[in-house]
Amino acid sequence: GSEPRHPILLGIILVLLASFSYGSTHTLARYLVTDISSPLVVSFFSTLLGTTMIALIAARSVKKDLSGPKRGVIIMALAGVAGICGSTILFLALSYAPVATVSPILAINPLVSVAIAHLFMKRLEHVTPRIWMGAIMAVFGVFLITIGSS
């Protein structure tokens with residue numbers, strides 16, 4: 001396909017949609033793991049449904065992408081494992097603590113992302129002092145919210 005006319009604007013719109021999606025997931029998950037089923041069962045079914053939906057959408061490109069470098073396939077697999085572990089641990093956390101506590105703490109993930117990008121993706125990602133400061137400020141905000149809710 002062709003490149004979008006305003007890729008940064010498109011990226012911002014997509015991340016806002018992702019935020020809405022993730023945010024509603026936390027609330028639904030909290031309800032599910034406290035009133036309906038165990039965190040592992042919720043994780044299994046949400047992963048199964050998500051995998052099925054993505055498989056249907058991406059079926060055409062999978063063969064081409066899997067025939068690429070084996071390193072890419074391994075990294076994709078690791079990303080999948082990390083995502084499933086993250087989701088499962090999140091559902092477990094939501095079975096013990098309210099969304100209003102868990103979600104802000106989960107917001108420290110930008111610091112983790114920035115650190116990983118800095119360590120492993122120097123060629124693709126340039127992490128500036130301004131980015132570091134923003135990530136640290138986000139973590140500080142999480143700290144303030146968390147101590148305020150205890």
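Being a predicted model, the structure only gives us computed values, none of them experimental.

(A) Geometry of the overall build of the chain. On a plain count of helices and strands, the chain comes out with six helices and zero strands. Listed by position from the N terminus, the elements making up the chain come as α-α-α-α-α-α. For the chain, the spread of C-alpha atoms along the three principal axes comes to 50 × 40 × 30 Å. Counting across all 150 residues of the chain, residues that qualify as buried make up 13%. Carbon and sulfur atoms make up 74% of the accessible area of the chain, which totals about 11,600 Å².

(B) How the structure looks around the packing of helix α1 (residues 7-36) against helix α3 (residues 70-96). Relative to each other, α1 and α3 sit at 65 degrees, their axes nearing to 8 Å. Considering only the axes of α1 and α3, their crossing is right-handed. Within the contact between the two elements, α1 uses Thr 25, His 26, Ala 29, Arg 30, Val 33 and Thr 34 and α3 uses Leu 90, Phe 91, Leu 94, Ser 95 and Tyr 96. For the contact of α1 with α3, the per-class residue count stands at six nonpolar, four polar and one charged.

(C) Spotlight on the side chain of His 26. Residue position: His 26 is located in helix α1. His 26 sits in the buried class, given a relative accessible area of 8%. If we ignore the near neighbours within four places in the chain, the residues touching His 26 are Leu 90, Leu 94, Val 99, Ser 103 and Leu 106.

(D) Representation of the environment of Ala 135 within the structure. Within the secondary structure, Ala 135 sits in helix α6 (residues 129-149). We classify Ala 135 as buried; its relative accessible area is 5%. Ala 135 sits 21 residues away from Val 114 along the chain, and the two C-alpha atoms are 7.5 Å apart. In contact with Ala 135, other than residues within four places in its own chain, are Leu 111 and Val 114.

(E) Structural detail: the nonpolar core. Of all hydrophobic cores here, the largest spans nine residues; its members are Ala 29, Val 33, Val 42, Leu 90, Phe 91, Leu 94, Ala 97, Val 99 and Val 102. Of all the elements in the fold, those that place two or more residues in this core are α1, α3 and α4 (99-106). No other element matches α3, which puts three residues into this core.

(F) Inspection of the packing of aromatic side chains at higher detail. Taken as a whole, this structure holds one aromatic pair when the rule is applied. Ring geometry for Phe 44 against Phe 45: centres 5.1 Å apart, planes inclined by 80 degrees, an arrangement best described as edge-to-face.

What counts and what doesn't
Residues numbered from 1 in each chain as written. Predicted model: local features only at pLDDT ≥ 70, side-chain atom pairs only at ≥ 80, totals over all residues. Heavy atoms only, no water. Helix = DSSP H or I, 4+ residues; strand = E, 2+ residues; numbered from the N terminus. Buried < 20%, exposed > 50% of the residue type's maximum accessible area, 1.4 Å probe, protein only. Areas by Shrake-Rupley, 256 points an atom, 1.4 Å probe, with all protein chains shown as cover. Axes fitted to C-alpha atoms, helices over the stretch in contact; angles between N-to-C directions. Left-handed = near helix turned anticlockwise from the far one by under 90°. Contact = heavy atoms within 4.5 Å. Nonpolar A, V, L, I, M, F, W, Y, C, P; charged D, E, K, R; others polar. Core = buried A, V, L, I, M, F, W, Y, C linked by side-chain atoms within 4.5 Å. Phe/Tyr/Trp six-rings, centres within 6.5 Å; stacked < 30°, edge-to-face > 60°.

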